[in-house]
Amino acid sequence: MMPKSTAIITGASRGIGSALAEAFAVNGYRVVINYCFAEREASLLRDRLAAQSLEAEIFRADVAKRSEVDTMTEFCLKKYGRIDLLINNAGISAQRLFTGITEDEWDRMMAVNLKGVFNCTQSVAPYMISAKSGCIINISSVWGIVGASCEVHYSAAKAGVIGFTKALAKELAPSGIRVNCIAPGIIDTDMMKCFSAEEKECMKQEIPAMRFGRIGEVAACALFLASEGAGYITGQVISPNGGFVI
Ligand code: NAP
């Protein structure tokens, strides 16, 4: 019997990451659910998957800290013996006037949203290169494509993730590894909690589909990018955004 594919999904305790974890587990992957603070949510997700006889483990690591990320990679290899898929989903956001962004806020935004992608990818890449196969999916944002006012540090980090994806796709394609990016539009998760109901309604008016995206719609893109049908797709940015950014 073929060993099951294994995925590490960062920031999988809540929001988009939890939908990614569930979708890949349901589709036959063994999943490492990474989290930083939300241990309870991560445990509940693992238990919900286990109740469906799906294999998942939780692992706490701050993606900004390389030593913690390397320990997570070692955990996955020890537990499952392989890493077929890495989804760099963990992220933070903040609304700030550009002139109000402190150096610490800038550094933390970059550390989680951009260096975290570097840390996790460089940690797993040697195993994928020696296996001569693997799939990496980075979660950017439409704001990394068009920029968001009052989110310069977030937009800059997410634009960096797109550049990272394109460059690494070229470097790793000869090793049989595909690297792609999903740049979602506005998805209704905890990340949107900072906006009032009125502000959210205004945002919806700007979206041709007249609604926010659903976490399952991002997961569906990731399932496609990880599938055999996407075997010739690398270095691409797919943006589920309801027509918001075309
Ligand atoms: P969310 O609901 O706030 O969830 C964020 C996830 O990231 C949580 O699981 C959180 O885990 C994890 N995380 C944060 N910092 C971390 C760290 N240092 N190390 C490890 N995990 C960390 O956000 P979301 O909306 O699902 O966003 C997921 C990704 O999609 C992010 O990269 C975000 O930028 C991107 N995105 C979101 C939207 C949107 O509209 N929601 C749009 C475009 C792109 P803990 O709670 O355990 O810390």
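In case you missed it, the structure is sitting above this.
Everything numeric here is computed off the predicted structure, so don't read it as measured data.

This part takes up the site of the ligand. Within the structure, the ligand sits among 33 residues, and S13, A38, N89, Y154 and T189 are positioned closest to it. Here an oxygen atom of the ligand sits 2.8 Å away from a polar atom, N or O, in the main chain of F37. Note that an oxygen atom of the ligand is positioned 2.7 Å from one of the backbone N or O atoms of N89. With the chains in place, 95% of the 890 Å² that the ligand exposes on its own is no longer accessible. For the shell around the ligand, the secondary-structure elements that each account for two or more residues are α1 (15–26), β2 (30–35), α4 (103–131) and α6 (152–172). Split into classes, the residues belonging to the shell around the ligand amount to 18 nonpolar, ten polar and five charged.

Burial along strand β1 (residues 6–9) is two-sided: T6 and I8 and A7 and I9, pointing in opposite directions, are all buried. When β1 meets β2, the two strands line up parallel, connected through four bridges. Bridge pairing in β2 places T6 opposite R30. After leaving β1, the chain enters α1 and then returns to the sheet as β2, a path that is right-handed. Note that β1 and strand β4 (residues 85–88) share three bridges and pair parallel. Bridge pairing in β4 places A7 opposite L85.

Turning next to the sheet that holds β4. Within the open sheet, the seven strands sit side by side as β3-β2-β1-β4-β5-β6-β7. Their pairing is parallel. Pairing within the sheet leaves two strands with one partner each, and these edge strands are β3 (56–60) and β7 (237–238). In the sheet, strand β6 (residues 177–182) pairs with β7 via two bridges, with the strands oriented parallel. Across the sheet, residue I182 finds its bridge partner in β7, namely I238. Across the sheet, helix α3 (residues 66–80) is in contact with β1, β2 and β3; its angle to β3 comes to roughly 160°.

Moving on, we get to the packing of α4 against α6. Following both chains from N to C, one finds α4 and α6 inclined at 15°, their axes separated by 9 Å at the closest point. Judged by the inter-axis angle, α4 sits roughly parallel to α6. Helix-helix and strand crossings are classified by hand; for α4 and α6 the assignment is right-handed. Residue-level contacts link E105, W106, M109, M110, N113, L114, V117, F118, T121 and I129 of α4 to H153, Y154, A156, A157, K158, G160, V161, F164, L168 and L172 of α6. Grouping the constituent residues of the contact of α4 with α6 by class yields 14 nonpolar, four polar and two charged.

The end-to-end C-alpha separation of helix α2 (residues 39–50) is 16 Å, in line with the 16 Å expected for twelve residues at 1.5 Å each. Of the surrounding elements, those touching the buried residues of α2 are α1, β2 and β3.

Side chains of F98, W106 and V152 sit close together on the surface and give an oily, nonpolar patch of about 280 Å² of accessible area. Structurally, V152 is set in helix α6. For V152, a relative accessible area of 34% corresponds to the partly exposed category.

Here the focus is the state of the cysteines. Under the counting rule described, the total for this entry stands at zero disulfides. Unpaired in this structure, C36 has its nearest cysteine sulfur neighbour in C120, at a distance of 11 Å. Its sulfur unpaired, C135 is 12 Å from the next cysteine sulfur, which belongs to C181.

Looking now at the packing of α3 against α4. Running from N to C, α3 and α4 point in directions that differ by 35°, and their axes come no closer than 9 Å. The interaxial crossing formed by α3 with α4 has right-handed handedness. Of the residues in α4, those touching α3 at R66, V69, D70, T73 and L77 are F118, N119, C120, Q122, S123, V124 and Y127. The residue inventory of the contact of α3 with α4, partitioned by class, reads six nonpolar, four polar and two charged.

Here we take up the pattern of salt bridges. The final tally for this structure, using the stated rule, is 16 salt bridges. For K79, the salt bridge goes to E57, with nearest N and O atoms at 3.2 Å. In this pair, K79 is assigned in helix α3 and E57 in strand β3, connecting sequence segments 22 residues apart. Residue K79 is classed as partly exposed on the basis of its relative accessible area of 45%. Where E68 meets R60, a salt bridge forms, and the shortest distance between an N and an O atom there is 2.8 Å. A residue is classified by how much of its surface remains accessible, and R60, at 36% relative accessible area, is partly exposed.

Reading the values: rules and limits
Residues numbered from 1 in each chain as written. Predicted model: local features only at pLDDT ≥ 70, side-chain atom pairs only at ≥ 80, totals over all residues. Heavy atoms only, no water. Near = heavy atom within 4 Å. Polar contact = N/O pair within 3.5 Å; in protein donor to acceptor, adjacent residues only side chain to side chain. Areas by Shrake-Rupley, 256 points an atom, 1.4 Å probe, with all protein chains shown as cover. Helix = DSSP H or I, 4+ residues; strand = E, 2+ residues; numbered from the N terminus. Nonpolar A, V, L, I, M, F, W, Y, C, P; charged D, E, K, R; others polar. Buried < 20%, exposed > 50% of the residue type's maximum accessible area, 1.4 Å probe, protein only. Pairing = 2+ DSSP bridges. Right-handed = clockwise from strand over helix to strand, strands pointing away. Contact = heavy atoms within 4.5 Å. Axes fitted to C-alpha atoms, helices over the stretch in contact; angles between N-to-C directions. Parallel < 35°, antiparallel > 145°, perpendicular 65-115°, else oblique. Left-handed = near helix turned anticlockwise from the far one by under 90°. Expected span 1.5 Å × (residues − 1). Patch = residues over 30% accessible without salt bridge, like charges linked within 9 Å, V, L, I, M, F, W, Y side chains within 5 Å. Salt bridge = Lys/Arg side-chain N within 4 Å of Asp/Glu carboxyl O. Disulfide = S-S within 2.5 Å.

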